[in-house]
2 protein chains.
Amino acid sequence: MEKLCPRFEKAMGLLSTRWVGLILFDLLKGTKRFSEMEADLPISGRLLSDRLKLLEKEGIVERNIYSEFPVRIEYSLSDKGRSLEPVIKEIQCWAEDNISEEEVKEQSV
Amino acid sequence: MEKLCPRFEKAMGLLSTRWVGLILFDLLKGTKRFSEMEADLPISGRLLSDRLKLLEKEGIVERNIYSEFPVRIEYSLSDKGRSLEPVIKEIQCWAEDNISEEEVKEQSV
């Protein structure tokens, strides 16, 4: 247990950063352009860009630039990012089974 | 996705509260008395007590009082708490496979 905990905390810290879960959900559906993600998610372009930079730094998201005109920039999950799928699925299932609408409302008050 | 996200965020918020993961790890091993948990975990009694209250409020931890002398108080996971086991296992596995010792050290600086 002692050995795993710092890693667990690091993983939890990352996953619990606001909007990171949502961004990962979105990228699990496939490669996306920045503008597509901006349309999918209820956050500002600036915040999205910040989070994508963080996830790129952590090796979870890959950024590909295609030298077309206008330049095309696409984001996708790396292997490390894709390996988060079961984690996200488990949290999603647990939340669905165990957290009621009321609890969610309470929290947002 | 939209429907699940507030629940996902609520679950993540809970799991990422500092020391909550560690306390859940400890209680997955079985029912514990407060003093046992205090000995197992590297946190103060006050912090442990705070987190246990939070987890009780969320219906994840159960507190049983036995009217002996001295009073015996035991903590265990509720069904809802126990259902977190696969979530914790998945995060643990992912962290073990994907987060290096170096990354953990970097973070603690």
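Details of the structure are given in the entry above.
Residues numbered from 1 in each chain as written. Chains lettered and ligands numbered in written order. Predicted model: local features only at pLDDT ≥ 70, side-chain atom pairs only at ≥ 80, totals over all residues.

Peer 1: Sorry, what's going on with the relation of the copies chain A and chain B here?
Peer 2: What relates the two chain copies is a rotation about an axis together with a slide along it. Structural alignment of chain A on chain B gives an RMSD of 0.0 Å, achieved by rotating through 180 degrees and translating 0.0 Å along the axis. The symmetry that links the two subunits is that of a two-fold axis. Take the interface residues of chain A: 100% of them recur as interface residues in chain B, which is what a same-surface contact looks like. (Least-squares fit on C-alpha atoms with pLDDT ≥ 70 in both. Contact = placed C-beta atoms within 7 Å.)

Peer 1: Mind showing me how you'd approach the nonpolar core here?
Peer 2: Generally speaking, soluble globular proteins have nonpolar side chains that are buried together. By size, the foremost hydrophobic cluster in this structure holds 46 residues, and its most contacted members are Ala11(A), Ile91(A), Ala11(B) and Ile91(B). In this view, Ile91(B) contacts Phe8(A), Ala11(A), Met12(A) and Val87(A); residues no more than four positions away in its chain are not counted. (Core = buried A, V, L, I, M, F, W, Y, C linked by C-beta atoms within 7 Å. Buried ≥ 20, exposed ≤ 12 C-beta atoms within 10 Å, placed from the backbone.)

Peer 1: Where do I start with the pairing of strand S3 (residues 72–77) of chain A in this structure?
Peer 2: For a regular strand, side chains alternate in direction, first toward one face of the sheet and then toward the other. All names here are of chain A. Relative to S3, strand S1 (residues 32–33) runs antiparallel, the two being bridged by 2 bridges. The residue of S3 that forms the bridge with lysine 32 is tyrosine 75. As defined by bridge partners, strand S2 (residues 61–66) adjoins S3 across 6 bridges and the pair is classed as antiparallel. Looking at the pairing, arginine 63 lines up with tyrosine 75 of S3. (Pairing = 2+ DSSP bridges. Helix = DSSP H or I, 4+ residues; strand = E, 2+ residues; numbered from the N terminus.)

Peer 1: What exactly am I supposed to notice about the environment of Ser35(A) here?
Peer 2: With respect to the element layout, Ser35(A) can be found in helix H3 (residues 34–40). Sequence separation of Ser35(A) and Ile99(A) is 64 residues, and the distance between their C-alpha atoms is 32 Å.

Peer 1: Explain the interface of chain A and chain B here, please?
Peer 2: Many authors give the size of an interface as the accessible area that is lost as the parts come together. Chain A puts 33 residues into the contact, and the matching count from chain B is 33 residues. Of all the secondary structure elements, the ones that give two or more residues to the side of chain A that touches chain B are helix H1 (5–15), helix H2 (20–28), helix H6 (85–98) and helix H7 (101–108) of chain A.

Peer 1: Would you mind showing me how to read the packing of H6(A) against helix H6 (residues 85–98) of chain B here?
Peer 2: Each packed pair of helices is defined by two parameters, the angle between the axes and the distance between the axes. Orientation of H6(A) relative to H6(B), taken along the N-to-C sense of each, is 165 degrees, at an axis distance of 9 Å. As judged from the angle between their axes, H6(A) and H6(B) are roughly antiparallel. Classified by chirality, the crossing of H6(B) by H6(A) is left-handed. Across the interface between the two elements, Pro86(A), Val87(A), Glu90(A), Ile91(A) and Trp94(A) from H6(A) touch Pro86(B), Val87(B), Glu90(B), Ile91(B) and Trp94(B) from H6(B). Of the residues that constitute the contact of H6(A) with H6(B), the class distribution is 8 nonpolar, no polar and 2 charged. (Axes fitted to C-alpha atoms, helices over the stretch in contact; angles between N-to-C directions. Parallel < 35°, antiparallel > 145°, perpendicular 65-115°, else oblique. Left-handed = near helix turned anticlockwise from the far one by under 90°. Nonpolar A, V, L, I, M, F, W, Y, C, P; charged D, E, K, R; others polar.)

As far as function goes, none of this settles anything; it's purely spatial.
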